[in-house]
Amino acid sequence: MLRAREAAQFLRPRQRRAYQVFEEAKQGHLERECIEELCSQEEAREVFENDPETNYFYPRYLDCISKYGSPYTKHPDFVTCVQNLPDQCSPNPCAKEGTQACQDLMGNFYCQCRAGWGGRLCDRDVNECGQQNGGCSQVCTNQPGSFHCACSSGYVLSPDGRTCLDIDECADAGACGEARCQNLPGSYSCLCDEGYTFSAQEKACRDVDECAEGRCEQACVNSPGSYSCHCDGRGGLKLSQDMNTCEDILPCVPLSTARSLKSLYLGRMFSGTPVIRLRFKRLQPTRLVAEFDFRTFDPEGVLFFAGGRQDSTWIVLGLRAGRLELQLRYHGVGRVTSSGPVINHGMWQTISVEELERNLVVKVNKDAVMKIAVAADLFQLERGLYHLNLTVGGIPFKEKDLIQPINPRLDGCMRSWNWLNGEDTAIQETVKVNAKMQCFSVTERGSFYPGTGFAFYSLDYARTSPDVGTETTWEIEVVARIRPATDTGVLLALVGEDRAVALSVALVDYHSTKKLKKQLVVLAVESVALALMEIKVCDGQEHVVSVSVKEGEAVLEVDGTKGASEVSHEGLTESLAVLGKHLQGSMRTFIGGLPDVPVTSAPVTAFYRGCMTLEVNRQALDLDEATYKHSDITSHSCPPVEPATP
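What you are looking at is a predicted structure, and each value in this text was computed from that prediction instead of being measured.

Engineer: Before we go on, may I ask you to explain the overall build of the chain in this structure?
Structural biologist: Broken down by element type, the chain carries eight helices and 49 strands. Counting the 646 residues in the chain, one finds 46% classified as buried. Considering only intrachain contacts with a sequence separation of at least 6, the fraction spanning at least 24 residues in the chain is 59%. Carbon and sulfur atoms form 49% of the exposed surface of the chain, whose accessible area is close to 32200 Å².

Below, the structure written as C-alpha cells:
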C-alpha cells in the first residue's frame, strides 16, 4: 500500500481524490461527496488501471457497482458483493522469486516474503551485508535473496559458515624449504639468519651482498651472512660508531711531546750518517776541545768523530753496553779503550774530550774516566792549513771500517755543546728552525712510535730438529710492553713478499663480528681474527700483550688474562695452515705499522702511536738493529704521559 500511496502523490488532484475514494471503498466505508468529485468511471479507471495494488480488485469492483448501484447508496448486497470478490492472490500478484506465500485478505492481499526479500510484492532484495557485515567475520557477499561469508587468503571458513580460522601453512614441512617457517595470522613468513634473504624460487636462504648496497664509506668485504667495512688506516682513519663510515684516529692519551730548542737529537738519521758535519781550518796547530751535556737510554752508538780521513788519524767517542768507548787511529795503528760509569740511565751528564800534550782526556761530570797517550795531533797539516773534520751522531765512513765495529745509531740528546771554544754557533741556528733535530724535553725508557711510520726486521721463525738441515716446525712468541696513546694501530705484523699480511697483532676499537665498539687487542692471520682480548688502552698505563702461535695453537693474553677465541677448532687449524705456508717463504716482521697493503689485508692497517718495547721468540728487539726504521721513531726513549692540569 505504501508503494501505491507514494505513486498517488504524483497524480493530478482529481486523480488523487479518486484513489482515496476507492481505498475507502475497499475498506467498506464511503462518502457521498466523493462521487460528486469524479467526472466518470473512466476517469477513475484511468487512475487505477496501471496500479499493481488495484489491478486485480478494481475490475471486479466495477462489476459490483454495475450490479448493485453506487456504493454510496450502501446497498447491503453491494457490500456483500465486494466482500465476496474472488481470491485476490489469483493470479498471484507477488514476485515469484521472493515470495513464500500470498495471502488473500478479501479485497486485498499480503505477500509473505522469503528470507532475504522485502517489499509489498517481495520483489526487493534485502542486503544482509549492510547490517553488521551479515554476521561474517571477514568477507560478506550479498546475493539475490541471500548472502555468503568468505575468508581472506590464508584463512578457511569454519563449519558455522561465518567464522574464519587461520591456516597454519607451517604444518607443511616444505613451505619454506631450508628456511625457518613462522606462521602469521592469515599468512606465514620464511625466516633466515641475519645477513641472508629467502629465495622463494629456490626455497632456500641466500647470502645478502651488503657491499653491493654501498653500505661502507670506503672498502667493503662481503662474507657469508655478514660484511665488514674497512678504512684507510695508513691515512689515519678508522671505523666510526656506525661501523660503516670512517673517522680520524685521534689520541686518547696526551703525551709530553714538547721539544727543546737548545738541544740536538742524535738519532734522526737511521742510516747512521752524522746529523752534524763540521770542518775546521786553522793557520796554527790547534788542539781539540769538546764539551757537551748528554742524555740517553741507548746502550750503544756514536757520539762524535774527530780527525781526518779514514786511513789517517781520528778518534770516535761512542757508547757500548752503556759505557763510554774511545776508538783511536794514529798513523795506521788502532786502539779501543772503554772506561767510566754506565751513563745510559736517561739523566743529564757533562762529557768532555780534550787534547793535552800527546794525551787525550775524557771526563764525565768533570771526573776523568780515560787518559790515553797518543802519538800525534788530530788537526792535520794539509796544503798549509791545519784541518779537522768533526761529525756528530755518526761517522763519515762505514762502521765496518772502525777498529771495532759498532752500531753508530744513537738515540741520544746533546745540549750546551762547545766545539773548539764555541766556534760552532751555526749549529744552534740550524737546530732552531728544524724541529726534527730537537729532542723531547722529557723522556722515559722505551721506544716511541709517533703514528706516522714503522720499522721492520728480517727474522726467521723456523725451528729445526737435531738432524742437521731438517726443518720440522715453526713458532712465534711475542711479548709487547705498550703504553698506547691511541686506540687503533698495528703492534706487530708478518708480511710476505707478495704483501700478504700473514699474521698481525693490533689494537682495535671495535668487535668486527658483533659490530660493537670496544677497546681490544686482536690476533689475526690475514684478515681472519683468531683471538680478541679487552684492554684499557686509554688509561695511560703500561700493558703487557703476549702472543704464542705454533702448530695447533694460537694464544693471546693481555696483562696475564687469556683472550677469547674467535674461530672454531677447524677454523683455527685452517688459519694456522695458511700461516705455516706463508712462513715457508721470505717474511718481514713489521713493527708499529704496515707497508702499503690493501686495507682489507688485515683487521687493522693504521700506524701505532705510543710507547712499546718488544721481545720476539725470547729476544729483545733493538730498533737500532732493524733493517729499516722510520726517522720519526725513537728507538730507546719515549715521551711520558702529559700531567693532568689542575
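Engineer: When you look at the packing of aromatic side chains in this model, what are you seeing that I'm missing?
Structural biologist: Centre-to-centre distance and the angle between the planes together describe a pair of aromatic rings. Within the structure shown, the criterion is met by 14 aromatic pairs. With a centroid separation of 5.7 Å and an interplanar angle of 40°, the aromatic rings of Phe292 and Trp419 are classed as tilted. Taken together, the positions of Phe292 in strand 20 (residues 289-296) and Trp419 in strand 30 (residues 412-419) put the pair 127 residues apart, joining distant regions of the chain. The residues Phe292 and Trp419 share a single accessibility class, namely buried. Ring geometry for Phe305 against Phe397: centres 5.7 Å apart, planes inclined by 85°, an arrangement best described as edge-to-face. Here Phe305 is found in strand 21 (residues 301-307), whereas its partner Phe397 is found in the loop between strand 29 (385-392) and strand 30, with 92 residues between them in sequence.

Engineer: Sorry, what's going on with the nonpolar core here?
Structural biologist: As a rule of thumb, nonpolar side chains are buried together in soluble globular proteins. Core analysis: the largest hydrophobic core is formed by 45 residues, its most contacted members being Leu288, Phe304, Ile315 and Trp419. Setting aside chain neighbours within four positions, we find Ile315 in contact with Leu288, Phe304, Phe305, Ala306, Leu326, Gln327, Leu328, Tyr330, Val353, Leu360 and Leu378. Core analysis: the next-biggest nonpolar cluster, separate from the first, contains 43 residues, Ala480, Val505, Val537 and Met612 among them.

Engineer: Even after reading the chapter, I still don't get unusual backbone geometry, so can you show me in this structure?
Structural biologist: Across residues other than glycine, the phi torsion is negative in most instances, and most of the peptide bonds are trans. One non-glycine residue, Arg358, lies in positive phi territory at about 65°. Looking at where Arg358 falls in the secondary structure, it is placed in the loop between strand 25 (349-356) and strand 26 (359-364). A positive phi angle, close to 50°, is found at Ser416, a residue other than glycine. Tracing the backbone shows Ser416 in strand 30. By relative accessible area, Ser416 is classed as exposed at 52%.

Engineer: What am I meant to see in a negative patch on the surface here?
Structural biologist: On the surface, Glu217, Asp242, Glu247 and Asp248 cluster together into a negatively charged patch. Among the secondary structure elements, Glu247 is positioned in strand 16 (residues 246-248).

Engineer: What am I meant to see in the side chain of Asn244 here?
Structural biologist: Here Asn244 is to be found in the loop between strand 15 (237-239) and strand 16. Overall, Asn244 belongs to the buried group, its relative accessible area being 18%. For Asn244, the side chain forms a polar contact with the side chain of Tyr227, separated by 2.9 Å. Among residues more than four places away in sequence, those in contact with Asn244 are Arg215, Cys216, Glu217, Tyr227, Cys229 and Leu239.

Engineer: For this particular structure, what's the right way to read the sheet that holds strand 26?
Structural biologist: Two modes of strand pairing occur in sheets, parallel and antiparallel, and in both the strands are linked by backbone hydrogen bonds. Pairing within the open sheet is antiparallel, and its six strands lie in the order 18-30-20-25-26-27. A strand with exactly one partner marks an edge of an open sheet, and here the two such strands are strand 18 (263-265) and strand 27 (367-373). Neighbour-to-neighbour, the strand axes of this sheet turn through a mean angle of 25°, independent of strand direction. The sheet contact formed by strand 25 and strand 26 spans six bridges and is antiparallel. The partner of Ile351 across the bridge, within strand 26, is Val364.

Engineer: Whenever I open this one, the UniProt feature "domain: EGF-like" (unreviewed entry) in the chain confuses me. Can you help?
Structural biologist: The UniProt record marks residues 85-123 and 166-202 with the feature "domain: EGF-like" (unreviewed entry), using the residue numbering of this structure. In the segment residues 166-202, helix accounts for 0% and strand for 41%; the C-alpha atoms at its two ends are 26 Å apart.

Engineer: What am I meant to see in the pairing of strand 29 here?
Structural biologist: Side chains on a regular strand alternate between the two faces of the sheet. A large share of strand 29 lies buried, amounting to six of its eight residues. Here strand 19 (residues 276-282) pairs with strand 29 via seven bridges, running antiparallel. Bridge pairing links Arg282 to Tyr386 in strand 29. Two elements, strand 21 and strand 29, share four bridges in a ladder whose sense is antiparallel.

Engineer: Even after reading the chapter, I still don't get the state of the cysteines, so can you show me in this structure?
Structural biologist: Linking two cysteines covalently through their sulfur atoms gives a disulfide. Taken as a whole and assessed by the stated rule, the structure comprises 15 disulfides. Bridging Cys94 to Cys111, the disulfide has an S-S length of 1.7 Å. Between Cys94 and Cys111, the disulfide has an S-S torsion of -90° and is therefore left-handed. Highlighted residues: Cys94 in the loop between helix 6 (76-83) and strand 1 (99-104) and Cys111 in strand 2 (residues 109-113), separated in sequence by 17 residues. Cys94 gets classed as buried once you look at its relative accessible area, which sits at 7%. Judged by relative accessible area, Cys111 falls into the buried class, the value being 4%. Shown here is the disulfide that connects Cys151 with Cys164, its sulfur atoms set 2.1 Å apart.

Definitions and cut-offs
- Residues numbered from 1 in each chain as written.
- Predicted model: local features only at pLDDT ≥ 70, side-chain atom pairs only at ≥ 80, totals over all residues.
- Heavy atoms only, no water.
- Helix = DSSP H or I, 4+ residues; strand = E, 2+ residues; numbered from the N terminus.
- Buried < 20%, exposed > 50% of the residue type's maximum accessible area, 1.4 Å probe, protein only.
- Contact = heavy atoms within 4.5 Å.
- Areas by Shrake-Rupley, 256 points an atom, 1.4 Å probe, with all protein chains shown as cover.
- Phe/Tyr/Trp six-rings, centres within 6.5 Å; stacked < 30°, edge-to-face > 60°.
- Core = buried A, V, L, I, M, F, W, Y, C linked by side-chain atoms within 4.5 Å.
- Patch = residues over 30% accessible without salt bridge, like charges linked within 9 Å, V, L, I, M, F, W, Y side chains within 5 Å.
- Salt bridge = Lys/Arg side-chain N within 4 Å of Asp/Glu carboxyl O.
- Lys, Arg positive; Asp, Glu negative; His and termini not counted.
- Charge placed at Lys NZ, Arg CZ, Asp CG, Glu CD.
- Polar contact = N/O pair within 3.5 Å; in protein donor to acceptor, adjacent residues only side chain to side chain.
- Pairing = 2+ DSSP bridges.
- Axes fitted to C-alpha atoms, helices over the stretch in contact; angles between N-to-C directions.
- UniProt positions renumbered as here; feature names shortened; annotations may be inferred.
- Disulfide = S-S within 2.5 Å.

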